[in-house]
Every structure is written in C-alpha cells, then in structure tokens.
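Tertiary structure, described
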Amino acid sequence: MKTERVGGRLKRLYRRNTLLIKILSSYLVIVIVLLSVFSFVIFRTYSNKSIEQVSQTSENFISQSYYIADLMLINVYYNFYHLFNDSLDSDLNYGLYADKIDAFADQDVLKKLRQYVKSNPLIRSIYIYNSKADRVIFNISEVGEGIQSTTDFLDQDIIHILRNSKRNVSDEYFTRKVDYVINNKNISENFLTLVLANSSNNGEVESSLVINLNERILQQMVTSGSAGDLNQVLIMYKDGNVLSHDDTSMINKNLANESYAKQIMQSNNEKGSFITKINDKESLVSYVKAKHLGLIFIGIGEYSKLLSSAYSMQKTLLIVTIIFILAGIILAVFFTSSIYNPFRKLLHKYRLDSTRLLNDKKKTFLGKLVDGEMDKKIYDKDYMMECGISFDDPFFLTLVLKMDALENVLSGKWSKDVRLVKFAILNIAIEFFREKRFKVEGIDNGHDYVSIILNVKNRSDEIVSKLIDTTTEIQDKVDKYLKISVSAGIGDIVEGVEGVNKSFQNALAASNYRIIFGRKAVIEFSDIAERNHNDLHEYPYDIEKKMIEAIKERNLRKIDTSLNEFFERLALSSADEIQITVLQLAVLLTRTLSGLAKTSIENGEYSIKVLVSEIQTCETLEEIKTYLYSLCSKFVETKGNDSKENVKTLIANKIKDYVGKHYGSMNISTDTVAKHVELSPNYVRSIFKEITGISLSDYITQCRMSEAQRLLIETDDPVSRIAELVGYPENSKHFFTVFKKHFGRTPENYRMSVLDNGSQSKQSSNG
C-alpha cells in the first residue's frame, strides 16, 4: 500500500511539473555526457603523457642543478680571474708580488681575504702564494687565517702542485682531497681547487691565487639539499672523472667505462634522457652538458619508482573525475531553478554599492580628520566602525609621502592616471606598516602626495625610530616596483584625533624641505621646526653683486664660486625663504642676461617666464644651482669672443706645461691645476678633454708612467724610490697596480725583461 501511495505521488508530481522535470533531466544528461567525455579525454591524454612528464621532470631537475652549479662556478672563476689578471685589487697585488714584508699591509691582505671568503658560501679557503717572499697568506672559512712560510704551510699538497712545473693546473678547476691540522684539529675535506698562477720564463710559479671550493656545499647547492625522486645526482668532467657526488668515495673516480656514461659522452646533444640498466635495475638517466666548464650533470632514478607516482596520479584523476560528475549532477539541480538568477544579480549589485558607499564614507572621514574639520561624528567610535576605521590608542602620527620628479611621472608610463600611482604607493605603505604591527589608515589627499595616519600607544623614541626604518623600506619598494622615488615628511606625535591636522600640517611642511635634503629623503618635523621659527635671513646682496660682476666679466670660475657661496648660505634658510630668495635671484639673472644679450626680458631666450618654468621643475637646491650655472655657462660660451678656441688651446698648453713640471708631486690634482690657471675645476676638465682628447687625470698618469719607465731602464734606483719620484711616496702598492695596468707587468718584471733583452742583444752582436 505504501509503495502504491509513493508511486501515485510521484506520478502526480510529474504531471504538475512536467516541464521542470524535463529541463532538469536534460541538464542531468548534458552534465553526465560532457563530464564523461571530458574525463575520458583527460584520462587518456594523461596516461599517454605521464612517462613523458616524468622524463621532463627529471631533465628539469638536472637542468636546474646545472644552472645553479654553472652560475656559482663561473661567477667564482671570472671574479677572481679579473682580480688576478687585471690587477684590480692593490692588496692582492701586494700579497702576490711584494718581496718585502709590511705588517700593516699584511693585515690589509688578511682583511681582504676574509671579505672574499665570506662573500660566497661556496668558498672554503683562499691562499696567496708568493715564492719571492717564500710565504703563503691564507684564510679558511670558520677555521682560521694567517701567514706561514711555504715549508710550514698547513696545505702542503697545494705547495707540491705549484712547484711541480710538469703539472699545468692553472685556470681550471680540479678536485683533490686535503688532510691538514689547524688549531689542533685534524681536518679532511674534498676541494674543487682553482689556481691562477703567474709563472716565470722557465715555467716556475712565482705567485699564485688559490681558491678552494667546498665540494660538499656544491653538492648541497646542486641538489638543493635533496635529490627528490632521483637516486643519485653527480657531476663529472667530459673525460669521465667524477667532480662531485653524494658518495664522497666516488670523487675522482673515472666512469668512462660505464655504459650510461659512454652513451652520454658520445651524444652530440647538450641535454637529454634515456632508459638503461644500472646495477641490474632499469633506470632513467637525465643529463645536461655545461658549455663553459666542460662538465656533465647527471641524475639517475629507478624507473619503477618514478612510474609508481604516475600510476598514483592516474588513480587520483579517476577519483576526481567521478567527484566532478556527482558535483555536476548536484549543480544541474540548482541551475534548473533559473528564477534565482535575477535575485542573485540584484544582490551582487547591492553588495558592490554597499562596498563603494563604505569606501566613500571612510575617505570623507579621513579627509575631515587631516583637514581639521572637527564635528561630533569624528569622536563617535560607532561611526568610526561604520566607516571601517578602528582607532583604539590615544596618540596619532602623520606621514606624508611625496612623489619626486613629478614632471617625469606625468610624462612617463603613468601619465594617463597618476591616481593609480598614488593608490599603489598607499597600498605599499599600508601593507608595510601593518606588517610592523602599526594601526594605520591612508588617504590620497594631495596633487603629488599621499598621507598616512598612524595610531600609536605612546610618544616613545622607539616608535619614531621604527617608523623611520619602515619608511625607508617603503621607499625602496616603491622604487623597485613603480620605478619612481618618494620623499617622506614625518609630523610630530599628537594626542587625540583633534591633533591629527596639526601632525599632518607639520609632516607636509617637513616634506617641503626636500629642496634642501634632496630626493628620497626622510625628514622629521623636529629637524626643521627651529628653521620655521627663526627670523628671516638677510638676502645675500654681497654675493649677488659678485655674481653679476662675474657674469659681466664672463668669468666662469667666479660665477661658479659665487653660486656656491649663495646656495651655501641659502641652505640655512626655511623652505619658504628659499623659494622667495630663488625667485628674486631668477628675476635679477633674467634682467642681467637679457641686458647683456640684448634680448627681450618678456619673450627672449633669458625671459623670466623661461627661468621660472625651469626652476619649478627642479626639486632640490643642487638641481637649481646646476641649472643656473649651465645657463650662465651657455651665455659665456655663446657671447664670448671669436677666438675662444684659441684661448682653450692656450689654456690646455698651459695645463700641459704645469703638469710636465709638477707630476712628481703627490699633491698635484685637478684642483691644484685649476688654481694655477685661475679657472673652475669643472671647466678645466672640460677644456682639457675637448682639446687633447683625454682626461686630465689620465694625462697626469701618462706623464708619471713615462718617467717611471725611463727611470727603470736608465737607473738602478729601487722601485720604492722611483714610485716616490713620480708622485707615489706613501702608497707604493697603488704604484704597482697602476704600472701593471699601464704596461701589463710589474715594475720589477718590466726592468728584468728590459735587462734580459739587452743582454741577449749584446750576445748576438758579439757572436
């Protein structure tokens, strides 16, 4: 009876809702068919490609290992290769070539080795071998450092290698096992050693830089601490010798006779994978051949283990497919009731409008807060919560982040909507402050700046210090992600929401002092508050008068000096005073330059409109000073007499004559030369380079090296005395570096080569 009743109810339900049930049935059929077909295609595709993916994963792992090791090894190689061959480090040059011991210089060398060892976790130790001084200067990471004679040196293995003229190991990595004792500790390690050597004519190593890399650390870097599904990851040379292996007993063994190694070495492909038997087990072998160092990176994994994960994934995919089919059936039931779609859209629209309304409320509230428009709602915590704001602590601090070089921002990729830039700056700032546990809100309330309101517990210096550090991090991130810089003004800490306006005004005033402190500055109001309360400074009429006279005389040195004096005094003023004073100076320069050039003050080349427009694009005193100097310099060069090129040549000759007489003095410099010819240093550099084609500093070095070359050939004076005669009395190490860079060898080697060539010439003439 019950069955008949249930059947009758279902029939009546079907008759009343025939259309609904038909729609539902059609949805169910479509869902089941589509998901079944889709799942079958995915299942077959995955089955066919699972093996290919396993091989690709293995290749990718080995490729990653190759890129890591190749990058680290090449980086170490080229860094020290250039240091050694280009003589870039005077301390290393001293350690390699000096035959006299200098205790202070020795400490410099040890300090430099300490820095190089700490700079790279792969470096275990560095030795400087000097056969003339018969000693080795060394640093071993986390163990010790020192200076020992070659006989007593703890690593005698490397001494034998360097003194074995038949074994050429220079400029390439090789492996070796080293046992030595230091600080009563027995140490046994596997090294990858790089030897950079300077040999004499008979092939003996005179000096050498030895870099030992930790093979264990290299293996960890190659495998990232784990080989994953691979049983082994190893590195070998192209001749089969093992360079690095997770089993240290395999290092330096030759695998050239192993079948898989032969197949790799005979292959012309740079990377690949294949299946072969190793130790009677079917294995997947992946490899990459390094281009630069002649190394091969190999990964070996058991094929059955690799495939087990693929089969597991296939089962997982089948289960997920069934789940999706069931979920599709359930969703089909819900989608049948299409009447809910309009309501869902209406609800979605309502939520969007509510969010937009909340954001507008919040912005209005924060705007009133920084503008000082106080009303009852400002103090109402319920209204704050309604706006999405929670200020629980009693004190407030405001930060203003102002975009630097706004003209560049407006003309660059952000030109279409600068509001997007300010929005990004706000987001970065708020995110950083919240990471540092600050209660923070932000608002875009300025043409070129945004404001940050911080709610803090007290007025401690620790909070301000933490704020400054966080602000610096924000500036770095803005620079990194947005490619623009921002300056920051920090207001004072105030009590209660009614003080936020005061803190904001002080932060904005502090940000205006970017004109003194420069771009990307962090300026506290406490640093500039005293300037704002000081009496107005007297306008520097005396300096202004000297500047005008210098322009009329067309004397760039005097113009440069007077501009420097003017802006040095200006830097002591407040931001408002600076703007007024700079404007007054611009008006005066306009009148002076227009009068001398006989152009219109309104529309001419030096019009007030042009000057003020250019000055307004400058954001710091240094930029304004540079612009005004270039303006005056352009005027002097344009309106100078027609023989200015002859004058420049005379000046260049005068400079040459002076350098030719005084290059032996250690005090000679661009400044002393400029003082002699009574011109500014910048102008002297410019003229000399324009007339001679080389810089003044390079010309001074040329003169010194030519004289040093003559003295080495024609006299028996020691190198230290020659260095003193050519202007290097206190820094013979620097003389070594410059001479080798100039002539390709050290002073002593140069003298010996000249003497050897002379004796050979005499023997040949006598013969």
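In this report, we go over the structure that sits alongside the text. Just so we're clear, the structure is a prediction, and the values are computed from it rather than from any experiment. (Residues numbered from 1 in each chain as written. Predicted model: local features only at pLDDT ≥ 70, side-chain atom pairs only at ≥ 80, totals over all residues. Heavy atoms only, no water.)

Attention shifts here to unusual backbone geometry. In the Ramachandran plot, D134 falls in the positive-phi region, its phi being about 55° despite a non-glycine side chain. Within the secondary structure layout, D134 lies in the loop between strand 1 (123–130) and strand 2 (135–140). Classification of D134 as partly exposed rests on a relative accessible area of 36%. (Helix = DSSP H or I, 4+ residues; strand = E, 2+ residues; numbered from the N terminus. Buried < 20%, exposed > 50% of the residue type's maximum accessible area, 1.4 Å probe, protein only.)

Our focus in this paragraph is the packing of helix 24 (residues 670–677) against helix 25 (residues 681–692). In the contact formed by helix 24 and helix 25, the axes pass within 9 Å of each other and the chain directions differ by 90°. In terms of their interaxial angle, helix 24 and helix 25 are classed as roughly perpendicular. Facing T670, D671, V673, A674 and V677 of helix 24, the residues of helix 25 in contact are P681, V684 and R685. Of the residues in the contact of helix 24 with helix 25, the class split is 5 nonpolar, 1 polar and 2 charged. (Axes fitted to C-alpha atoms, helices over the stretch in contact; angles between N-to-C directions. Parallel < 35°, antiparallel > 145°, perpendicular 65-115°, else oblique. Contact = heavy atoms within 4.5 Å. Nonpolar A, V, L, I, M, F, W, Y, C, P; charged D, E, K, R; others polar.)

Before going further, it helps to spend a moment on empty space enclosed by the protein. Scanning the entire structure with this criterion turns up 1 cavity of 30 Å³ or more. Considered as a void within the structure, the largest cavity measures approximately 80 Å³ in volume. Forming the walls of the largest cavity are L96, Y97, N130, K132, N198, E206, S207, F736, T746, E748 and N749. Those elements giving two or more residues to the lining of the largest cavity turn out to be helix 3 (90–97), strand 6 (205–214) and helix 29 (747–766). For the lining of the largest cavity, the class distribution of residues is 3 nonpolar, 5 polar and 3 charged. (1 Å grid on protein atoms, 1.4 Å probe; cavity = no way out; pocket = protein on both sides within 12 Å on 5 of 7 lines; lining within 4 Å. Points joined across faces, edges and corners; volume = space filled by probe spheres on them.)

Before going further, it helps to spend a moment on the packing of aromatic side chains. Enumeration over the complete set of coordinates arrives at 20 aromatic pairs. Residues Y449 and F504 carry aromatic rings whose centres are separated by 6.4 Å and whose planes lie at 40° to one another, so their mutual orientation is tilted. With Y449 in strand 14 (residues 449–456) and F504 in helix 15 (residues 500–511), this pair connects stretches of sequence that are 55 residues apart. For Y449, a relative accessible area of 13% corresponds to the buried category. Assessed through its relative accessible area of 3%, F504 is described here as buried. (Phe/Tyr/Trp six-rings, centres within 6.5 Å; stacked < 30°, edge-to-face > 60°.)

Spatial relationships are all this shows, so hold off on functional conclusions.
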